[in-house]
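Summary of the model geometry
The lines below spell out each chain.
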Amino acid sequence: MEAEAKSGSLEDSWAFIQRPGEGCRTVPLAGHVGFDSLPDQLVNKSVSQGFCFNILCVGETGLGKSTLMDTLFNTKFEGEPATHTQPGVQLRSNTYDLQESNVGLKLTIVSTVGFGDQINKEDSYKPIVEFIDAQFEAYLQEELKIRRVLHTYHDSRIHACLYFIAPTGHSLKSLDLVTMKKLDSKVNIIPIIAKSDAISKSELTKFKIKITSELVSNGVQIYQFPTDDESVAEINGTMNAHLPFAVIGSTEELKIGNKMMKARQYPWGTVQVENEAHCDFVKLREMLIRVNMDDLREQTHSRHYELYRRCKLEEMGFKDTDPDSKPFSLQETYEAKRNEFLGELQKKEEEMRQMFVQRVKEKEAELKEAEKELHEKFDRLKKLHQDEKKKLEDKKKSLDDEVNAFKQRKTAAELLQSQGSQAGGSQTLKRDKEKKNLGFL
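So, here is what we can say about the structure in this document. Given the structure is predicted, the values throughout are model-derived calculations rather than measurements.

1. Remarks on the sheet that holds strand 1 (residues 51–58)
Read from one edge to the other, the open sheet built from six strands follows the order 2-3-1-4-5-6, with strand pairing classed as mixed. The two strands at the open ends of the sheet, each matched to only one other strand, are strand 2 (90–100) and strand 6 (245–246). Note that strand 5 (residues 189–193) and strand 6 share two bridges and pair parallel. Bridge pairing links Ile193 to Ala246 in strand 6.

Printed below as a string of structure tokens:
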């Protein structure tokens, strides 16, 4: 009862503790304090640190991705031309340091080499998704370190994806729809119609309407310029109605009137890149760089990265609250996950041990069977050897008998021959004696 009373009083005391931000009062200041300079401090700090911005250009070969990047940032980015002979899609990343006035920008441009070049385009989106996830994972690993250096860490997360649509004038390709659907939850997609001077103005208007309708019907979420800030709500609301932007890129400058302007010269006339009556390049530059660059960075961190981070931590077993809606202890989660991992490790170790024992038994059985076969083979060979040896001995004995018999016959023949020779010699002596006696007579 005393414990219950103590716990109850403790809960009552916690109920009176105010959370941060609750019950705040507004009080007047008697004089200037100086914290109104905080925005200036933030600006100075940000300018000194510099900014980073990462653009992913997705589109088929020959849609002018590199040319548009050169036109957007009014420079010539160095890069080796792609051969487009790869069996799959490859992502090529290049980082550049840009300086405008006193503001530094670390710009990373990622291009999709070989996108749409393959006969089978079913998995063309996978390398792009894996690349985006890899950048999220690298940032998450940096966040989870004990000693973090996020203020000096180069943020490689993709802030904007410019999706280049071929100016067919008909409808989106299946490749475009599938790829954008796979990317819309991972990156801010801004669809643009590349080389829009290839189709007429009336066809371009119908093409934009067709693209917007197909994106909505297929549930593809493209980036919408924010309208919650009053300072940019009007221009962003107007520009949202112009999506997708129809653009033209060119680094060639031609003299038009008294000015040098970026344009493309054709036999039938000149297309001015920065003329809003000719294309939407100016609108794209305004929305991407001059108005919403910071919002693109913020949306990447607060929306797309947070979604990846939440899913990743949930996979690791972390939660905000337990089943009783109480704050979840990070230490308890770590211990539970560690124990679960150790249990799985022991289970796998036991399975491997059982598998090893089973394989050893099987190997022993195989060896015993092989040994048995060898013994049987040895016995057969031994018996065969004994049989052959007996046959050889029998044959040798018969040969010895034949040799002995032959020797006996030979000895008998030689004896008979010697006896015959002696008999013939005595007869010859007798005849010679008789002849001699006759001669004397």
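On we go from here.
2. Overview of the pattern of salt bridges
For the structure on display, the rule yields 18 salt bridges. Among the salt bridges present, the one from Glu286 reaches Arg290, with a minimum N-O distance of 3.0 Å. Taken as a pair, Glu286 and Arg290 lie in helix 8 (residues 281–291) at a separation of four residues, close to a single helical turn. On the basis of relative accessible area, Arg290 is assigned to the exposed category, the value being 52%. Shared partners join several salt bridges into a network, and the residues in it are Lys208, Glu276, Asp280 and Lys283.

3. Brief notes about helix 3 (residues 65–72)
Among the eight residues in helix 3, six count as buried, and that is most of the element. Residues of helix 3 that are buried: Lys65, Leu68, Met69, Asp70, Thr71 and Leu72. Those residues of helix 3 that are buried are in contact with strand 1, strand 3 (103–113), strand 4 (160–165), strand 5, strand 8 (259–266) and helix 8. At the C-terminal side of helix 3, Asn74 shows a positive phi close to 55°.

The rules behind these values
Residues numbered from 1 in each chain as written. Predicted model: local features only at pLDDT ≥ 70, side-chain atom pairs only at ≥ 80, totals over all residues. Heavy atoms only, no water. Pairing = 2+ DSSP bridges. Helix = DSSP H or I, 4+ residues; strand = E, 2+ residues; numbered from the N terminus. Salt bridge = Lys/Arg side-chain N within 4 Å of Asp/Glu carboxyl O. Buried < 20%, exposed > 50% of the residue type's maximum accessible area, 1.4 Å probe, protein only. Contact = heavy atoms within 4.5 Å.

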